[in-house]
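Chain residues, written in single-letter form:
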Amino acid sequence: MSNPITIREVTLRHCRMPQTFRGSYTGGEQDPAGLHSLFVSISDGKEIGHGECNATSLLYEFGHIGRSNLDEWKALLDLCAALPGQDARKLSHLVPDSMRSCDANSIVDAVDFALHDLVGRRAGLPVAALLGGIAKPWVWGMPVVHTQTPDAMAERAADWYRRYGFRYYKVKPIGTRETDVETLRKVRECTGPQVRFYMDANYGLKMTPDEVISYIKELYEYGLEVYEDPIDTDWATYRYIRERIPARLMLDEKVRTPESIMEIVRERCAGQVNIHANWAGGFSPAIFKASLAALGGMPTMIGSTHYLGPGAAAYQILASVLPGDAPCEQLYMEVYGMQSAIPDPYEIREGKIFIRQAPGLGVHPDMTAIEKLTVRKEKIS
């Protein structure tokens, strides 16, 4: 488009809703009881683009991994105050360099997704076309099987297999060799031999590096492809593990900056990296980090959180444009038995998420539902 797309109004909402499904993790932690979403709507007077993030400063206590140290609501207000009058076609360039930090990544996501959604809608182009072109029409979906008994975890995976045909499952392990082998074996009995697994202990394994190696080798025989963040250690120890296991070692929490990815490339201490949903810092930084990882021979996958809707679509689109073919963990809340605010999510069939080739993010939030969840709201014009 040759004409500017001038931003006329920005609306910020703090939405709050209970989590009816609270996943459990290897170390005994459980998901928060409620969701705090910061929902951004940007309008040029003709179309509206939407984005969102989870406010980690409201979700978690100080010291929790991934918690922002900012007052995210205030920081988001300050970021959006400069947007009216600007040309939305500048996209990520509207985010000042001062906001390029891990603490601000979530709120930058929300603004960046809304800008891309608006420009895509006005230009009649899907967001993927704004990110360098449509690369993959679909991506493998991968739900998270949270920690329960092996029987309960197998039952949950089997239900998803029947309903959606998922071929990949991300398992939050119990953390012992016998029970985790039992879990993978029972899931395969309920699904099929073609099913593959990622495992993510969130540093929860109580094992030495040699015990981790032996444990992963046995799990590999039952379909394990990738093990994520098994223990919290240094690069040299990760390299020691990576060189001795048949599955890929994936890092998440330690690879949230380009600098850290370059360190991992130099140290050759991982086989894959995770760009966790809610912490990308917008489309362009995520693609840049994935490109760095690809230079080191590492594929990049997209992690997950619970979104009201636009955030899920944005990360699924991101998964479709990244190099490689890693599965996408980000799904809509309906898969987990909850209710999002998107009546038209992308289709999931035969384990694949089909990226809708429609303008913008290709989804339409139910703003009546969003308003019902809103606990504070600001308009900037």
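In this text the structure is predicted, and so the values were computed from the model without any measurement.

1. With respect to the overall build of the protein
Helix and strand content of the protein: 12 helices and 14 strands. Taking 2.2 N^0.38 as the reference for a compact globule, 381 residues should give roughly 21 Å; the C-alpha atoms of the protein span a radius of gyration of 20 Å, in line with that estimate. When each of the 381 residues of the protein is scored for burial, the buried share is 57%. Look at the contacts in the protein between residues 6 or more apart in sequence, and 73% of them connect residues 24 or more apart. Entry remark: accessible area of the protein is about 15000 Å², with carbon and sulfur atoms responsible for 49%.

2. Digging into the sheet that holds strand β12 (residues 348-349)
The sheet built from three strands is open, its strands ordered β4-β13-β12 with antiparallel pairing. Pairing within the sheet leaves two strands with one partner each, and these edge strands are β4 (138-140) and β12.

3. Focus on the pattern of salt bridges
Evaluation of the coordinates by the stated rule reveals 24 salt bridges. Among the salt bridges present, the one from Arg163 reaches Asp159, with a minimum N-O distance of 3.1 Å. Residue Arg163 and its partner Asp159 are both found in helix α5 (residues 150-164); the two are separated by four residues, about one turn of the helix. The class for Asp159 is partly exposed, based on a relative accessible area of 28%. Residues Lys254 and Asp232 are paired through a salt bridge, measuring 2.8 Å at the closest nitrogen-oxygen approach. Placement of Lys254 in the loop between β9 (248-251) and α9 (258-267) and of Asp232 in the loop between β8 (224-228) and α8 (235-242) is noted, with a sequence separation of 22 residues between them. Looking at Lys254, the relative accessible area reads 23%, which means it is partly exposed. Under the relative-accessibility criterion, Asp232 is labelled exposed at 52%.

4. Here we look at the pairing of β8
Burial runs high along β8: four of the five residues are buried. Looking at chain direction, strand β7 (residues 196-200) and β8 are connected through four bridges and run parallel. Residue Met199 lies in a different strand from β8, and its bridge partner there is Tyr227. Handedness of the crossover is the feature at issue here: the chain leaves β7, passes through helix α7 (residues 209-220), returns alongside β8, and the resulting connection is right-handed. Bridge analysis of β8 against β9 gives three bridges, and the strand direction is parallel. Across the sheet, residue Val226 finds its bridge partner in β9, namely Arg248. Where the polypeptide runs from β8 across α8 and back to β9, its parallel neighbour, the crossover connection is right-handed.

So, how was this worked out
Residues numbered from 1 in each chain as written. Predicted model: local features only at pLDDT ≥ 70, side-chain atom pairs only at ≥ 80, totals over all residues. Heavy atoms only, no water. Helix = DSSP H or I, 4+ residues; strand = E, 2+ residues; numbered from the N terminus. Rg over C-alpha atoms; globule rule 2.2 N^0.38 Å. Buried < 20%, exposed > 50% of the residue type's maximum accessible area, 1.4 Å probe, protein only. Contact = heavy atoms within 4.5 Å. Areas by Shrake-Rupley, 256 points an atom, 1.4 Å probe, with all protein chains shown as cover. Pairing = 2+ DSSP bridges. Salt bridge = Lys/Arg side-chain N within 4 Å of Asp/Glu carboxyl O. Right-handed = clockwise from strand over helix to strand, strands pointing away.

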